[in-house]
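# A look at the structure
Single-letter residue listing:
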Amino acid sequence: MTKGLDGIQVTLVDSVEKAHQFISWLGERRPHNAIAVDTETGERPGMPRDHALSPWHGDLRLVQVGDGMHGWSIPWQEWSGVFYEAMEKFDGPLVCHNIAFEAKWFAVKSRWDLPWQRAHDTMIMAHLIDPLGPGGLKPLSARLVDGQAAHMQDKLEIDLAKNGWTWGTVPTNFEPYWAYGALDTVLTMRLWEMFYDKCGPGKPYHKAYEIEMAARKIVTRMEINGARVDLDYSKKKYDELLSYAESVKDWASKTYGGTSITSNIQLVRLFEKLGAEITETTPSGQKSASKDQLKLLTIHGSDEVKNLAEAVLKQRKADKLANTYFLNFINKNVDGILHPSVKTLGARTSRMSITEPALQTLPKGDDTVRRAFIPKDKDHVIITSDLDQVEFRMFSSLSKDPNLIQLFNRSDATGSDPFTEIGREVYQEPDMQKSDKRRTLIKGMVYGRLYGAGVAKQALTAGVAESQMKAVSDAFDKRFPGMIKFQKEIEHLGAMRERNEGQGYIYTWTGRKIPCDENRVYTLINYLIQGGAAEVFKSNLIKLDQADLTENLIVPVHDEIVLQAPREDAEEIKQIVKQCMTTTENWDVPLTADVDGPLETWGDKY
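Residues numbered from 1 in each chain as written. Predicted model: local features only at pLDDT ≥ 70, side-chain atom pairs only at ≥ 80, totals over all residues. Heavy atoms only, no water.

### Focus: the overall build of the chain
From N to C terminus, the chain includes 22 helices and 16 strands. The C-alpha atoms of the chain give 27 Å as radius of gyration, which agrees with the globular expectation for 606 residues (25 Å, within 12%). Seen through its C-alpha atoms, the chain measures out along the principal axes to roughly 85 × 60 × 60 Å. Looking at the chain as a whole, 53% of its 606 residues are labelled buried. Taking all contacts inside the chain whose residues are at least 6 apart in sequence as the whole, residues at least 24 apart take part in 68%. Looking at charge distribution, the chain has the averaged site of its 75 positive side-chain charges lying 4 Å from that of its 85 negative ones. (Helix = DSSP H or I, 4+ residues; strand = E, 2+ residues; numbered from the N terminus. Rg over C-alpha atoms; globule rule 2.2 N^0.38 Å. Buried < 20%, exposed > 50% of the residue type's maximum accessible area, 1.4 Å probe, protein only. Contact = heavy atoms within 4.5 Å. Lys, Arg positive; Asp, Glu negative; His and termini not counted. Charge placed at Lys NZ, Arg CZ, Asp CG, Glu CD.)

### Side note on the packing of aromatic side chains
Within the structure shown, the criterion is met by 27 aromatic pairs. Judged by centre distance (4.7 Å) and plane angle (40 degrees), the ring pair of Trp-192 and Tyr-196 falls under tilted. Within this pair, Trp-192 and its partner Tyr-196 are both found in helix H7 (residues 175-199), separated by four residues, close to a single helical turn. Note on Trp-251 and Tyr-256: the rings are 6.1 Å apart at their centroids and 90 degrees apart in plane angle, and the pair reads as edge-to-face. Using a relative accessible area of 31% as the deciding quantity, one classes Trp-251 as partly exposed. Put simply, the rings of Trp-76, Phe-83, Tyr-84, Phe-106 and Trp-112 touch in pairs and so form one group of aromatic residues. The ring of Trp-25 is capped by Arg-30, whose NZ or CZ atom sits 4.4 Å from the centre of that ring. For the cation-ring pair, Lys-513 lies above Tyr-505, with the distance from its terminal atom to the ring centre recorded as 4.3 Å. (Phe/Tyr/Trp six-rings, centres within 6.5 Å; stacked < 30°, edge-to-face > 60°. Lys NZ or Arg CZ within 6 Å of the ring centre and 35° of its normal.)

### Here's the deal with helix H22 (residues 570-580)
All of the buried residues along H22 are Ala-570, Ile-573, Lys-574, Val-577 and Cys-580. Down the axis, H22 shows its buried residues gathered within 130 degrees of arc, on one side only. Away from the buried face of H22 by more than 90 degrees, exposed residues Glu-572 and Gln-579 are located. Each element contacted by the buried residues of H22 is listed here: strand E11 (380-387), helix H21 (524-546), strand E15 (560-566) and strand E16 (593-599). (Arc of directions from axis to C-beta.)

### Regarding the environment of Ala-215
Inspection of the secondary structure puts Ala-215 in helix H8 (residues 206-225). For the pair Ala-215 and Leu-541, spaced 326 residues apart in sequence, the C-alpha to C-alpha distance is 6.7 Å. Filtering out sequence-adjacent residues up to four positions away, Ala-215 remains in contact with Thr-344 and Lys-538.

### Section: the environment of Tyr-177
Position of Tyr-177 relative to the elements: it lies in helix H7. Counting along the chain gives 140 residues from Tyr-177 to Lys-317, while the straight-line C-alpha distance between them is 45 Å. Setting aside its immediate chain neighbours within four residues, Tyr-177 contacts Glu-40, Arg-61, Leu-62, Leu-156, Trp-167, Val-170, Pro-171 and Thr-172.

### So, the packing of H8 against H21
To describe two helices that pack against each other, one gives the angle between their axes and the distance between the axes. In contact at an axis separation of 9 Å, H8 and H21 are set at 65 degrees when each is read in the N-to-C sense. The handedness of the crossing between H8 and H21 comes out as left-handed. Along the contact surface, H8 presents Ile-211, Glu-212, Ala-214, Ala-215, Lys-217, Ile-218, Val-219 and Met-222, while H21 presents Lys-538, Ser-539, Leu-541, Ile-542 and Asp-545. Among the residues forming the contact of H8 with H21, the class breakdown is eight nonpolar, one polar and four charged. (Axes fitted to C-alpha atoms, helices over the stretch in contact; angles between N-to-C directions. Left-handed = near helix turned anticlockwise from the far one by under 90°. Nonpolar A, V, L, I, M, F, W, Y, C, P; charged D, E, K, R; others polar.)

### So, the sheet that holds strand E6 (residues 119-121)
Adjacent strands of a sheet pair through backbone hydrogen bonds, lying either parallel or antiparallel. With respect to topology, six strands assemble into an open sheet ordered E1-E4-E3-E2-E5-E6, the strand pairing being mixed. The sheet is open, and its two edges are formed by strand E1 (9-12) and E6, each paired on a single side. Recorded for the sheet is a direction-independent mean angle of 25 degrees between the axes of neighbouring strands. Alignment of strand E3 (residues 59-66) against strand E4 (residues 70-75), held across five bridges, turns out to be antiparallel. (Pairing = 2+ DSSP bridges.)

### A short note on the pattern of salt bridges
Counting across every chain of the model gives 41 salt bridges. A salt bridge links Lys-249 to Asp-319, with the shortest nitrogen-to-oxygen separation between them at 3.1 Å. Residue Lys-249 is located in helix H9 (residues 231-255), and its partner Asp-319 is located in helix H12 (residues 303-332); the two are separated by 70 residues in the primary sequence. Judged by relative accessible area, which is 15%, Asp-319 ranks as buried. A salt bridge links Glu-421 to Arg-410, with the nearest nitrogen and oxygen atoms 3.2 Å apart. With Glu-421 in helix H16 (residues 418-426) and Arg-410 in helix H15 (residues 402-414), the pair connects residues that are 11 residues apart, well separated along the chain. Under the relative-accessibility criterion, Glu-421 is labelled buried at 6%. Under the relative-accessibility criterion, Arg-410 is labelled partly exposed at 31%. Within the structure, one salt-bridge network assembled from shared partners comprises Arg-410, Glu-421, Arg-424, Glu-425 and Arg-479. (Salt bridge = Lys/Arg side-chain N within 4 Å of Asp/Glu carboxyl O.)

### Looking at unusual backbone geometry
The residue after Glu-356, namely Pro-357, is reached through a cis peptide bond having omega 0 degrees. Along the chain, the position of Pro-357 falls in the loop between strand E10 (353-355) and helix H13 (367-370). Omega for the bond connecting Gly-597 with Pro-598 falls within 30 degrees of zero, at 0 degrees, which places this linkage in the cis form. Counting through the fold element by element, Pro-598 comes out in strand E16. Even without glycine at this site, Ser-350 takes up a positive phi of about 80 degrees. The topology assignment puts Ser-350 in the loop between strand E9 (341-343) and E10. The phi torsion at Asp-548 lies on the positive side, around 65 degrees, for a residue other than glycine. Relative to the helices and strands, Asp-548 is located in the loop between H21 and strand E14 (553-557). Accessibility expressed as a relative area gives 67% for Asp-548, which makes it exposed.

### A word on the pairing of E4
The buried count for E4 comes to six of six residues, which makes it a mostly enclosed element. Between E3 and E4, which pair antiparallel in sequence order, lie three residues.

### Concerning the state of the cysteines
A covalent bond between the sulfur atoms of two cysteines is referred to as a disulfide. Overall, the coordinates contain zero disulfides when judged by the stated rule. Cys-96 takes part in no disulfide bond, and the closest cysteine sulfur, belonging to Cys-199, lies 16 Å away. (Disulfide = S-S within 2.5 Å.)

### Re the side chain of His-206
Topologically, His-206 is positioned in helix H8. Of the residues examined, His-206 reaches a relative accessible area of 19% and is grouped as buried. Here His-206 is in contact with Lys-198, Cys-199, Gly-200 and Pro-201, once residues within four sequence places are set aside.

### Overview of the side chain of Asp-146
Position of Asp-146 relative to the elements: it lies in the loop between helix H5 (137-144) and helix H6 (149-163). One buried charged side chain, Asp-146, makes no salt bridge at all; its nearest oppositely charged neighbour is Arg-190, positioned 7.2 Å away. A polar side-chain atom of Asp-146 sits 2.8 Å from the main-chain amide nitrogen of Gln-148. Filtering out sequence-adjacent residues up to four positions away, Asp-146 remains in contact with Gly-4, Leu-5 and Ser-141. (Polar contact = N/O pair within 3.5 Å; in protein donor to acceptor, adjacent residues only side chain to side chain.)

Listed below in structure tokens is the structure:
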């Protein structure tokens, strides 16, 4: 492989002769018989710039094909037939960088079906090899291929600005533009040739890579199909929530001499005037009326402080629901269908994240927003499936604590609840019920530990005094010592690796390596559980795909998958979904799932 970018060629297909040369080039021998495919897209004249990223609003302008030495740019409007002919002939591996982007554009704007069974994604490979490193093509290429790679886009953007062009109006025969596009395929192939040695068959990250590629295919199909939303309901809730939020702001302003509760400085000053102590600060050291601070005030403040803190929390929630969700539903739907953007590798742990709209931040258990999601027509219903306490179950299996394992098995056998079972043992009250308020305290303690939170944070989350949480925590450790023991083992292993290798890290059950930041080995237990749970969820999506249910899938959120099913087949599909979402092999505690439905809206579950 040539060092850097010396000797490469880029060509614009703008004549019959060039088209023949391209087809001839495609038949040449090359490493692994692989080529890269890329696209350049743009907004339509007079439309917002961000439409350049949406196949439902923008246009496909160039399609590029290349290997490690030669890149070709094909103007789509004039020469798409050449691309179709080439793809009919080519049967080797196809490599993209961010395959979800290319797949959506081809699905919406072309008659070519991207062959996922022989497709690869260098962005996914890069994340698996180094979750903390860059993911963009240019930064990766600048680091691993040629230091000049990152400057080429900067130069092109200067040229565009100088000529008053955008990504939608730059002429496709403008050489810096088409050459830049063709070069992307060369860079992608160079990266693939490096990464394949770690992600290919028999290599360290192959199992994780196979899961990620399969999950990416399934989730991309969900993005393309989209989710139908009730626009009338969305408009109504937007108006209601905005009106409520404004009424709270007006009340506070009239009650407290013109104070604006949306101003952090004014709100902090007001709370201190009312005798409250503000302990939270921003990174710059300024006192902060953060969500956690307001929760503290609802517990420890005077009656007036509690009332004000609760009002501000409700106002903020109303504002967020109105503007983050319902306004986006109204503005971003395409004929009543939302096409959310899902990152299947949204964090170092491989957890997914969703934007446009940001469904990943939906409040758990809240039905307000979820009621906007409806099936595609009256002949279909909603089905949802949510993993049961997957992180706690996984941790219990990995800890090998016999009392915890026995507790889960008893809970599953009797239809009970693990947090209630823990309460019965910790409080020595065999008749304790799920409705007991102490169950919330226990749940907060367990998940606080899994997320790396100390007793103080656990108490805040549960809304109880720290001393009360510590008593429960101590009783739990006495009854289930394996949990804290396993936690310390992971931290010790991470500290040893950081000392000997310069970085602390753990491996998930698929062999995925997840590193921690310097001097933060305590986070590794959370990364192990979060990463492992994400892999289980993606493996379950693959089982749903194998059960031929991909076209029924609507959206993945947290550990939950939302589907739609023909009304007449709903009960049968529910059973299939439950089987696919349950994992028993290789785990001492089964990783089970709930299934709800048939429902008329997603929110009906709550």
